[in-house]
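One letter stands for each residue in the lines below.
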Amino acid sequence: MSHLVILPVLLPLFAGILLLAVRHAALPLRRALSVTAMLAQLALALLLFIRVSGGEVLVYALGDWPAPFGIVLVADRLAAWLLLITAALAFWVALDAARGEDARGRHFHVLLQWQVFGLAGAFLTGDLFNLFVFFEILLLASYGLMLHGGGAWRTRAGLHYVVVNLLGSTLFLFAVGTLYGVLGTLNMADLAQKVAATPAENVPLVRAAGLMLFGVFALKAALLPLYLWLPAAYAHTSAPVAALFAIMTKVGAYAILRVYSLIFGPGAGPLADLIEPWLMPLALATLALGMFGVLASRRLKQQVAYLVVASAGTLLAAFALNSVEGIAAGLYYLPHTTFAAAALFLLAEAIARRRGEVADRLETGPKIAHARVLGGLFFVAAVASAGLPPLSGFVGKFLLLRAALEHPAAAWVLGVVLAGGLAGVIALARSGSLLFYRPVHALEAVAAPPALAASLVPIAGLLLLGLGLTVWADPVLRAAQATATQLLQPYEYIHAVLGEH
Amino acid sequence: MEALLALIIGVLTACGVYLALRRRTFPVVLGLTFLSYAVNLFLFAMGRLVVGRPPVLSATATGYTDPLPQALVLTAIVISFAMTAFVIMLALKARAELGSDHVDGEGGR
């Protein structure tokens, strides 16, 4: 039993506790600790990714209690891939927050570490109730991060975010309780076997529980009609937090992919492919609605938040194809959209700070300091987000469209994804030209614009990760295909967790 | 006993949903609390209702009650307790900063 599996969960937990213990220490020391911990987390995630890239499923039984009686952590290709994306994002977020956002409260880095702790646990756990617990950990940390710094608008959006997620948690517990009451287990691998053998009289109950779970995960993934909490929450929180939250909708997408390929997958007998009739229409509707939001936004941060909604729709449309090519396209698109959205949130903040009172409202404003550099970066990020060649967004969407060709609803997928891409191009081009080409010279430029170099590092870092996805598209895609193949053959996972059965 | 418990869970859930849909923060917080009570009872009942049986191994026992839902419910109680405390503080903060206890921060009725 390799202890490597649990280390990415323990490291951010202990880093958070350590940061709490040294809360009176000088800020630079706490920053250095937090960034170092994130680097170590990145290294651990990379190690784990390499360990499982051969196709091995690593199982870690907590307290050495064998499954299905104890709680297990399971590292397969999917978990390691998401862990790696989270760690890479969190490192740049910690670095960006160290430019000053973390000085507005005492516990920013503690919350950041525990957010990563919750995320890592949610990706690695092999137990449904444990997934609930890690969801609560990452949510509680995200509540604190979202409200960090304060302000009336932030409080209002935060209240909605917290209440909606508490309702989601209640629904999660009802679903988990029903599953346990009927099937007598909460271990995901064991559930997969028990669901397949559900007696006919219990099928409606299990179906109800499975669909309640889908409701919860759809809320986290911001799927229509449960996306309403997202735009306000993301648009009103601070830039590094909004950038970190780019991974939050992906947790919902991950849970959907995991639960509905493993527990309610093709092998689930009477409950096989439980959400197949729901996922594709909802994903496409989310994509379309997100793009309407992008077109109608009146603030840049709001526009990026709606881009996150649209990308959740694209991602779930890829997963809904339910084929190796479709899921692989989604797994390639996932890091791209996470990094691009995070970079755009950070850029929106950098632009807003140079526009005085107009801030990020999409109106003509004063001339922006450092317009060339910021405009260039905005151009790159916008090209990547809108899915234009040659950047990673194009590769991701191309893979998705190619995988969709054999799907019965191919016309819908192609139509909505391409029209959504066009809407994204129009909206981002309009925002870019408004921000950079049409300044009103009569307005006084901001007297002392903030220093440029420090704010560029995290943005450039995130965009370079996206560029890396483009340059090394072939190995990344092959890893994604291997992951998708592993997901669609859940026997390996079940066998690794439960042993000889 | 099963019917009574089911009725209690149902009434608590209905009250919780109704209150959570209200427009002021205080009833919303109360609604969330009712919902968490309902779900705790529900989880507890998922181990089936058994009277007078031990949850742990014993030589004299004639039968057992399922200990796992009791462990789950403890976890759920702790989490919902923490969440309620947090949301009350947040509601108070919203009341102070927005000048109104409307969930959208609007004044008036």
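Notes on the structure in this doc start here. (Residues numbered from 1 in each chain as written. Chains lettered and ligands numbered in written order. Predicted model: local features only at pLDDT ≥ 70, side-chain atom pairs only at ≥ 80, totals over all residues. Heavy atoms only, no water.)

1. Description of the pattern of salt bridges
All names here are of chain B. This model, assessed by the stated rule, comprises 12 salt bridges over all chains. The residue Lys-93 makes a salt bridge to Glu-97 at a minimum N-O spacing of 3.4 Å. Highlighted residues: Lys-93 and Glu-97, both in helix H3 (residues 68–98), separated by 4 residues, approximately one helical turn. In this structure Lys-93 comes out as partly exposed when scored by relative accessible area, which is 28%. (Salt bridge = Lys/Arg side-chain N within 4 Å of Asp/Glu carboxyl O. Helix = DSSP H or I, 4+ residues; strand = E, 2+ residues; numbered from the N terminus. Buried < 20%, exposed > 50% of the residue type's maximum accessible area, 1.4 Å probe, protein only.)

2. A word on the interface of chain A and chain B
Tallying the contact residues gives 28 residues for chain A and 31 residues for chain B. Taken together, the two surfaces of chain A and chain B that pack against each other cover about 2600 Å², and 82% of this comes from carbon and sulfur. Looking at the side of chain A facing chain B, the largest losses of area belong to Leu159(A), Phe174(A) and Tyr180(A), adding up to 23% of the total buried there. Our enumeration of links across chain A and chain B arrives at 0 salt bridges. Applying the counting criterion to the chain A and chain B interface returns 6 residue pairs in polar contact (both at pLDDT 80 or more). Mapped onto the side of chain A that touches chain B, the elements with two or more residues apiece are helix H5 (128–147) and helix H6 (152–183) of chain A. It is H6(A) that contributes the most residues to the side of chain A that touches chain B, 17 residues altogether. (Contact = heavy atoms within 4.5 Å. Buried area = accessible area lost by both parts, 1.4 Å probe. Polar contact = N/O pair within 3.5 Å; in protein donor to acceptor, adjacent residues only side chain to side chain.)

3. Points about helix H2 (residues 27–52) of chain A
Note on helix geometry: an α-helix contains 3.6 residues per turn, so any two residues three or four positions apart are oriented the same way. Residue and element names in this part refer to chain A. The end-to-end C-alpha separation of H2 is 37 Å, in line with the 38 Å expected for 26 residues at 1.5 Å each. Taken as a whole, H2 has its buried residues at Arg-30, Arg-31, Ser-34, Val-35, Ala-37, Met-38, Gln-41, Leu-44, Ala-45, Leu-48, Phe-49 and Val-52. Among the structural elements, helix H1 (7–21), strand S1 (58–61), strand S2 (72–75), helix H3 (77–97), helix H4 (108–124) and helix H19 (473–488) are those in contact with the buried residues of H2. (Expected span 1.5 Å × (residues − 1).)

4. A word on the packing of H3(A) against helix H14 (residues 324–353) of chain A
Residues and elements named next belong to chain A. Taken N-terminus to C-terminus, the directions of H3 and H14 make an angle of 10°; their axes are 11 Å apart at the nearest point. Considering the angle they form, H3 stands roughly parallel to H14. Contact residues: Leu-78, Trp-81, Leu-82, Ile-85, Ala-88, Leu-89 and Asp-96 in H3; Leu-331, Leu-334, Pro-335, Thr-338, Phe-339, Ala-342 and Leu-346 in H14. Class assignment for the residues of the contact of H3 with H14 results in 12 nonpolar, 1 polar and 1 charged. (Axes fitted to C-alpha atoms, helices over the stretch in contact; angles between N-to-C directions. Parallel < 35°, antiparallel > 145°, perpendicular 65-115°, else oblique. Nonpolar A, V, L, I, M, F, W, Y, C, P; charged D, E, K, R; others polar.)

5. So, the nonpolar core
Residues and elements named next belong to chain A. Judged by nonpolar contacts, the single largest core of 222 residues is most densely connected at Leu-128, Phe-217, Tyr-234, Tyr-260 and Phe-264. Take this core: its biggest share by element is 18 residues, from H14. Leaving out residues up to four positions away in the same chain, Phe-264 has contacts with Leu-179, Val-195, Val-206, Gly-210, Val-259, Leu-271, Ala-272, Asp-273 and Leu-274. (Core = buried A, V, L, I, M, F, W, Y, C linked by side-chain atoms within 4.5 Å.)

6. What about a nonpolar patch on the surface?
All names here are of chain A. The grouping of Leu-464, Leu-467, Val-471 and Trp-472 at the surface amounts to a nonpolar patch, some 440 Å² of accessible area in total. Locating Leu-467 in the fold gives a position in helix H18 (residues 452–471). Relative accessible area serves as the criterion here: at 37%, Leu-467 is assigned to the partly exposed category. (Patch = residues over 30% accessible without salt bridge, like charges linked within 9 Å, V, L, I, M, F, W, Y side chains within 5 Å. Areas by Shrake-Rupley, 256 points an atom, 1.4 Å probe, with all protein chains shown as cover.)

7. Comments concerning the environment of Ile494(A)
All names here are of chain A. For Ile-494, the position within the fold is in helix H20 (residues 491–498). Relative accessible area serves as the criterion here: at 13%, Ile-494 is assigned to the buried category. The spacing of Ile-494 and Leu-262 is 232 residues in sequence and 8.6 Å in space, taken between C-alpha atoms. Not counting residues up to four positions away in its chain, the partners in contact with Ile-494 are Ala-189, Ala-192, Gln-193, Leu-262 and Gly-499.

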